[in-house]
Structures are given as C-alpha cells and as structure tokens.
Amino acid sequence: MLKRYFSVLLILTLWSFATAWNIDKAFHIDDAAHIAFAQWIAIDPWHPMRGLIFDDGQSFPIHWTNQPSLYFYLMALWAKFWGWSEVSMHALVALFSLWAIVCFDKLTKYFCEQNQSIQSLALCLFALCPAFVVGQNTMVDVPLLAMTLAFYWALLCPQYSTHQRYLLAGLLCSAALLTKYTSLVLIPAIALHMLVTNHKRYWAYLLIPISALVAWSLFNIADFGHPHLLGRSAGGSGGKLHWGQLRLIFWWIGILGSICPFAIAFFFSQYQQATSQLAKRSWLFLSLSSAIAPCLVIVCIAIKPTARWIDLIFNYTFLASGVGLLTLLFIAIRQAQKNMMVDRQAQTLLLVYWFISVSVFIVALAPFLAIRHALLAIPPLLLLLFSQASSSKSNLKMSKTLSILAITLSISITSLLALADNWFAGVYKEKAPQIALQLSQNLGPDQHIWYSGMWGWAWYAKKAGITPFDRQHPAMREGDLLITSEYGSQPKLPNLSLVETIEITPTKWYQYFASTGLYQSDMRPWQFRVTPIDILKVYRVEK
C-alpha cells in the first residue's frame, strides 16, 4: 500500500513540475499556427484543411502544413468550454503530460519489476527530461508521446487478452496517426509483435490503423482534393545518403546527448564497474566529456564569454554524450540477449524497434530536427538501460550517489532551459502592447501600425491591435509604421526608412540560454548567447 501511495505521489510531483513551467507560458514558436488551425476547425469542422491561415506576411492553405488535424479538433472542442487563453490551451496539454507519465510508469514497473528504486529513477529521468518539459507548449509532440506510450503498453500489458491487446493498440495507433505522421512507425510495431509472439492469425487488426489512414485520405480528397499524407514533401535525408544529409545523423546523436544530462552518471557508473584498463579509460573519457556541459554552464553564467569556441565545446560535449548513450544502448541490448527470459525477448525486441524506427524516421523524413522529435526516442532508451540495470547479472547498475547526481543534473538543466524559454516566449507578450502604445501616440488619425514576422511576435502583435502586413497585397500609406522581426521574411519596399531599432537582449543570467535551437537545430539545440534574441525594426513609409 505504501509503495502505491509513493508511486502516485511521485507521478503527481513530476507532473506538477512539468505543468508549472508550461501552464501560463506565453504562446511560442508554432503555437500561434496550431491555434489558428483549431480556430478554423471551430468555424468549419467539415473542412479542416481548406482554410487559409496568415503567417509571415502571406496566406496559405492549412493543407500545406505538416500535421493531420485530430489534436486541433480536440483544441477546438476544449476552447468551446474553456476559451483560447494560454492557461486553457496549456491545461489541455497538461492532461496529455499526465497520461504520458502514467503510461511510462506502467512500462517501468513492467520492465524493472525487481527494483522499485530503479523504477522511480527511470520515471524521474523521463519526466525531468528537457525535451519533455520545455517541449510542451501547445505542440502535438507531448500528446503524440502519450499516445505512443499507451500504444506500447497496450501491446505489452500482460493483463489484456490477445483480442483486447490488438484492438486497443490499433485504436491508439489510429489516434496517433491522425495526430502526427511520425506514428506511421507504429503500424509495423503491431506486425512485429504479432510475428514474434506467433499471433499472426490476428493480422486483421492491422486494418484498424490502415483503415483510419484511408478514411482520413478520402476525407482529405473531399476537403481539398488530394490525400494530405501523400502531398507532404519529405524532409530529412529524403532517403538519399550523401554528406549533406549524413550530417543529420551526427546532429541527431548530438541532440540526444543534449537532452540527457543524466548521461554522465551512467558513464561514471560504467567506469567504476569496468574491469579492463581500456574500458575504464574510455568511460572516464566519456564521463569527463559529458561533465563539460554543466561545468560550461557555470562558467558562462560567471564570465559571459563571447568567443566562438563556446559553441564548438557544446557541440563536442553533446556529441560525446550521444555517442556514449548509444554505446550503453548497444551494451544493454547485448546483455538482454544473454540474460532476458525467453518470454521477455519479444518485449525487448519491441523496445529496440521502437528506438530505431523513431530515429530512422526522423533523420530520414522529418523536415528538420528538434528536441521534441528526439523525445520519442527517450522512453525506449531509458527502458532498455534500466531493464538491464535491474537485472542481478547486469553491469549497468547505478549507485545511490550517482542516481542523485542524475536527477540533480536533470532538474538543473531542465529548469534553466525552461526558465530561459519562458522568458523568450513572454518577451513578445510584454513588448507588443508597449510598442503599440508608444508608437500610436505619434501617429495621425489615418495612419496605421503594421507588423511583419511570425511565431509569438505575430500572435501578440495582432492581439495588441497591430495590423499584419500582407506582402502580396501591401496597403500601407505614407506615414504608416512597419515593425519587422528577425524571425520571418523582411519586406523589400523602396519607400521605407528606418526609424528605430529595438533589441531584445538578455539581461539576467538565465536569459542567455534562450534560443530558437530548442525548436529547430543542428547538434546544439541549446547554447549560451550574448547577442540579442530578436531585433525589432520600426520603419516609416515615405513618399
């Protein structure tokens, strides 16, 4: 009974930590576009992708974007009762955050059933991951993560009958497919489970997600003329292997290392347990390399360096951590082959497929890389590592001191990045009304203020009463003012004269770690920067 109470308390504590950072956060990056999708659905639910949205100075149809519409339907329904405020939209995401934590807790209890401390540690490192906490916003990635975790729990849960297992997995797979196409990798997971558990006669359940995709595509044809899935252009490597795209593999490894600040604890544990001198030196090297990142954070806060080599050091330490984690994963898989009971080999194979399929899909097909993409690979990584750590024959064990270190580093780095990103998001919510009020005082009755840009700046500028600038149909007149952001295309008009430059520069210690890299990056999704996070320029329209 006490174990159950402790488990519930831990889940609620971790959920409160994640939700506290996001619940009243200003709308940021893609949030504005997602809300626009949902607001269109609230107007015309039978044509979810036919509508036009305005972004970065131009209008374009929703079906040009990447995501299917299921979550945006849910946003529209939620807003009907609770409104479109930041708290309302983030409260909806918080429900999926809780669902994700609960499902991962079930998976840790299944794979690490012999050790409650290992279960708790794995759950903490998952819920305290920077990609999980910072990546919430109103993005679809945390809802997708919750559905994916529930999907794999449905496949693995020993309490379900075979019919129940594949029915529930098929329904969850369908929901995930209609939330984000990354979940296409879940369909082969069902087939793989059927194959390795000798349940091939249940293949008809594969028709559930396939039928959902077919129905969605037919709905798309009725809506705007062609299937949305087939109309998307491949990003990533596009299936081609050349250096310009192979670098995405290195970026993926670096991103993985950057969002796992706990890696140093694993590496040092391996150093302590290694028997050969070569292994000891290798793990010590990886431990020291991974330790550079938190040490460099302290140095940057203390002296605020401006040298380019700071970025190179972050690149190195993230890449080293990612390589070390993949090495640990390889060791865990080898140990699983030796130590795992026959009835658990299928489950372990499913975890390996989970990690590899997500990694390959993102690198090969995603239009760009971001920490929220790597988030989908964190659960199988942790489950593979900790399922072996709980084994009596494993050398992947971690001492209590190192466990505390892993949790401490996770809380520290995640809190730092969340604090910085909240400031970045809140800048436009604070600045847009101030700028609008200040500039309007010097305008004539027939003059207007226009804005150009995207993301949070566009959302809060429009909310402050500033008119969006349409590049295709400019309607500005002499004496009007135009405010541009560094994020977005810059209007190229001959009759603009610069009036004022507003630099949004970090002033507090944590603000120097704000970056758009958390949402689209190379191998360095977070960094230290002393340059302005954005530069707003005010132009006046001349004759």
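What counts as what
Residues numbered from 1 in each chain as written. Predicted model: local features only at pLDDT ≥ 70, side-chain atom pairs only at ≥ 80, totals over all residues. Heavy atoms only, no water. Pairing = 2+ DSSP bridges. Helix = DSSP H or I, 4+ residues; strand = E, 2+ residues; numbered from the N terminus. Contact = heavy atoms within 4.5 Å. Axes fitted to C-alpha atoms, helices over the stretch in contact; angles between N-to-C directions. Phe/Tyr/Trp six-rings, centres within 6.5 Å; stacked < 30°, edge-to-face > 60°. Buried < 20%, exposed > 50% of the residue type's maximum accessible area, 1.4 Å probe, protein only. Lys NZ or Arg CZ within 6 Å of the ring centre and 35° of its normal. Patch = residues over 30% accessible without salt bridge, like charges linked within 9 Å, V, L, I, M, F, W, Y side chains within 5 Å. Areas by Shrake-Rupley, 256 points an atom, 1.4 Å probe, with all protein chains shown as cover. Salt bridge = Lys/Arg side-chain N within 4 Å of Asp/Glu carboxyl O. Parallel < 35°, antiparallel > 145°, perpendicular 65-115°, else oblique. Left-handed = near helix turned anticlockwise from the far one by under 90°.

A. Structural view of the sheet that holds strand E5 (residues 481–484). Taken in spatial order, the five strands make up an open sheet running E4-E3-E5-E7-E6, and their pairing is mixed. Only two strands of the sheet have a single neighbouring strand rather than two, namely strand E4 (467–468) and strand E6 (496–504). Here four bridges tie E5 to strand E7 (residues 534–541), and the two strands are oriented antiparallel to one another. Among the inter-strand pairings, Thr484 is bridged to a residue of E7, identified as Lys537. The strands that helix H19 (residues 400–440) touches are strand E3 (449–452), E5, E6 and E7; relative to E6, the one it contacts most, it runs at about 140°. Contacts between helix H20 (residues 455–463) and the sheet are confined to E3, E5 and E7, with E3 contributing the most and set at about 165° to the helix.

B. Representation of the packing of aromatic side chains. This structure, assessed with the given rule, holds 32 aromatic pairs. Look at Trp78 and Trp82: their rings are 6.1 Å apart centre to centre, the planes differ by 40°, and that puts the pair in the tilted class. Here Trp82 and Trp78 lie together in helix H3 (residues 70–82), a separation of four residues that amounts to about one turn. Seen in terms of ring centroids, Tyr428 and Trp457 are 6.2 Å apart; in terms of plane orientation they differ by 55°. Their pairing is tilted. Taken together, the residues Tyr428 in helix H19 and Trp457 in helix H20 connect sequence positions 29 residues apart. Here the two residues Tyr428 and Trp457 agree in accessibility, since each one is buried. Among the aromatic residues, those joined into a cluster by ring pairs are Phe424, Tyr428, Tyr451, Trp455, Trp457 and Tyr487. The ring of Tyr271 has Lys280 sitting right over it, with the charged end atom 4.7 Å from the ring centre.

C. Region of the structure containing a nonpolar patch on the surface. A cluster of nonpolar side chains, Trp203, Leu207, Ile210, Val214, Leu218 and Ile221, forms an exposed patch at the surface whose accessible area comes to about 570 Å². Checked against the element boundaries, Ile210 lands in helix H10 (residues 207–224). The class of Ile210 is partly exposed, set by a relative accessible area of 38%.

D. A look at the packing of helix H13 (residues 263–273) against H19. At a minimum axis distance of 8 Å, the contact between H13 and H19 shows a crossing angle of 160°. Classified by the angle between their axes, H13 and H19 sit roughly antiparallel to one another. Like other packed secondary-structure pairs, H13 and H19 cross with a definite hand, here right-handed. In this structure, H13 contributes Ile264, Ala265, Phe268, Ser269 and Gln272 to the contact, and H19 contributes Leu402, Ala406 and Leu409.

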